[in-house]
Amino acid sequence: MNFTEEQIERYSRHIILPEVGGKGQAKLLDAKVFVLGAGGLGSPALYYLAAAGIGTIGIADADCVDLSNLQRQIIHSTEKIGMPKVESAKKSIEGLNPDVKVIVYNERLGIDNIRKIIRDYDVILDGSDNFPTRYLMNDACFFEKKTLVSGSMFRFDGQVTIFKPHEGKPCYRCLYPEPPPKGLVPSCQEAGVLGALAGVIGVIQAVEAIKQILKIGDELAGHLLIFDALAMTFRKVKVRRDTQCALCGDNPTVKDLVMYEQACEIQAAKCST
Amino acid sequence: MAIKVRIPTPLRKLTNGKDEVEGGGKNIKDLINDIEKQYPGLKERICEDDGKIRRFVNIYVNDEDIRFKNSIDTELKDGDEISIIPAIAGGMF
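Owing to the predicted nature of the structure, the values given are computational and were not obtained by experimental measurement.

Draft legend 1. Broad picture of the interface of chain A and chain B. Facing the 47 residues of chain A at the interface are 28 residues of chain B. Between chain A and chain B the total buried area reaches about 3,300 Å² when both faces are included, carbon and sulfur atoms providing 55% of it. Where chain A touches chain B, the interface holds 7 salt bridges. For Arg12 of chain B, the salt bridge identified is with Asp228 of chain A, shortest N-O distance 2.8 Å. Every element with two or more residues in the side of chain A that touches chain B is listed here: helix H7 (131-144), strand S5 (147-154), strand S6 (157-163), helix H8 (172-175), strand S7 (223-228) and strand S8 (233-238) of chain A. Sort the elements by how many residues they give to the side of chain A that touches chain B and S8 of chain A lands first, with 5 residues.

Draft legend 2. Spatial organisation of the environment of Leu29 of chain A. For Leu29 of chain A, the position within the fold is in helix H3 (residues 21-30). Not counting the four nearest positions on each side in its chain, Leu29 of chain A is found in contact with Met1, Phe3, Gln7, Tyr11, Gly53, Gly55 and Asp99 of chain A.

Draft legend 3. The packing of helix H4 (residues 42-51) of chain A against helix H9 (residues 195-214) of chain A, seen in detail. Residues and elements named next belong to chain A. Contact pair H4 / H9: the axes reach a minimum separation of 7 Å and the direction vectors enclose 40°. Taken together, H4 and H9 sit at an angle that is classed as oblique. Handedness of the crossing formed by H4 with H9: right-handed. Contacts between H4 and H9 pair Pro44, Ala45, Tyr48 and Leu49 from the former with Ala198, Gly199, Gly202, Val203, Ala206, Ala209 and Ile210 from the latter. Within the contact of H4 with H9, the residues separate by chemical class into 9 nonpolar, 2 polar and no charged.

Draft legend 4. Structural detail: the state of the cysteines. Residues and elements named next belong to chain A. If you walk through the whole model with that rule in mind, you get 1 disulfide over all chains. With its sulfur 1.7 Å from that of its partner, Cys64 forms a disulfide with Cys271. Classification of the bridge connecting Cys64 and Cys271 rests on its S-S torsion, roughly 95°, and on that basis the disulfide is right-handed. Of this pair, Cys64 sits in the loop between strand S2 (56-60) and helix H5 (85-96) while Cys271 sits in the segment after S8, and the two are 207 residues apart along the sequence. Residue Cys271 is classed as partly exposed on the basis of its relative accessible area, which comes to 39%. The thiol of Cys248 is not disulfide-bonded; the next cysteine sulfur, from Cys174, is found 3.4 Å away.

Draft legend 5. Representation of helix H1 (residues 28-38) of chain B. Residues and elements named next belong to chain B. What H1 keeps buried is the set Ile28, Leu31, Ile32 and Ile35. Axial view of H1: buried residues confined to an arc of 100°, hence all on one face. Summarising the contacts, the buried residues of H1 are in contact with strand S1 (3-6), strand S2 (20-23), helix H2 (42-46), strand S3 (57-61) and strand S5 (81-86).

Draft legend 6. Broad picture of the packing of aromatic side chains. Residues and elements named next belong to chain A. Scanning the model with the defined rule gives 8 aromatic pairs over all chains in all. Aromatic side chains Tyr135 and Tyr172 sit 4.7 Å apart centroid to centroid with 50° between the ring planes, which places their arrangement in the tilted category. Within this pair, whereas Tyr135 is found in helix H7, its partner Tyr172 is found in helix H8, the two being separated by 37 residues in sequence. In terms of burial, Tyr135 and Tyr172 fall into one category: buried. Ring geometry for Phe142 against Phe143: centres 5.4 Å apart, planes inclined by 65°, an arrangement best described as edge-to-face.

Basis of the calculations
Residues numbered from 1 in each chain as written. Chains lettered and ligands numbered in written order. Predicted model: local features only at pLDDT ≥ 70, side-chain atom pairs only at ≥ 80, totals over all residues. Heavy atoms only, no water. Contact = heavy atoms within 4.5 Å. Buried area = accessible area lost by both parts, 1.4 Å probe. Salt bridge = Lys/Arg side-chain N within 4 Å of Asp/Glu carboxyl O. Helix = DSSP H or I, 4+ residues; strand = E, 2+ residues; numbered from the N terminus. Axes fitted to C-alpha atoms, helices over the stretch in contact; angles between N-to-C directions. Parallel < 35°, antiparallel > 145°, perpendicular 65-115°, else oblique. Left-handed = near helix turned anticlockwise from the far one by under 90°. Nonpolar A, V, L, I, M, F, W, Y, C, P; charged D, E, K, R; others polar. Disulfide = S-S within 2.5 Å. Buried < 20%, exposed > 50% of the residue type's maximum accessible area, 1.4 Å probe, protein only. Arc of directions from axis to C-beta. Phe/Tyr/Trp six-rings, centres within 6.5 Å; stacked < 30°, edge-to-face > 60°.

Here it is in structure tokens:
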């Protein structure tokens, strides 16, 4: 790959790193990363993936920007309230780095479209806000043999890991076999999240996605990183591939995509058009 | 024998806001029963009616998931650190 002078300057702090170099930067510019959700986790992840010069970024989100999003969803801004989130995110990314080709999916991912959409990408980031989508994305990545960088957060706690069952590493169902049934998790009204926590978790997802593309360092696959913002601690626990796993285990029972019931109503923001 | 148990934020309402509690027991089952005595309501958030750990909650002894050890019969020794880690989904709405 031949860099332009502007690219050499833009990515100079990467290129001088022996672990990245010109070759690594070329890999990033060639890479295709898909981000599910342009929300709390997606915002910081998208910004850093774009800044790093990921050549193609796909973004799926069916919502529009709402005032209550802006406490943590930093890729949007006040004047973009009412705009589809994917369009808002695309504008912010293009403002940061014109090298990035942004492909938007202004739709909800479901059984019918998810496999086809993720098929074109190298690495998938999950920044979704509900269990049914997380299980759907996990299963779709398993069937499509895609590496899934998963981040989640709740109140002051965050979790990050990588699922890679196609390389013998665990999947989401190895970690948590089933979603919580309706009524057992706190209702959406009770839920809240520290805005800056989204930055911590989303940026760690971006770091891991970039490392996957560069093939450097130790990966989080096989480990769950747990961040407690109140105690200000990071801990890592082991995640093992479960031979009994319903999806990637030795005798799978999940052989096709399934959509679980929402544990609570999702209230989508009103779009201005 | 005092064993430290890390409590995730969603369950801290039941532990008077404490992020860590101490309990005792020779195995996980005993430990859960012991902390339930101190903080009533905790057990039903972690366990099914039959005492098994709920499928969306993991319990770790140090960094090992007890599902890959002896589940609730996993034995404990002094100094072990227990973490309760529920599945979380948020990006939040």
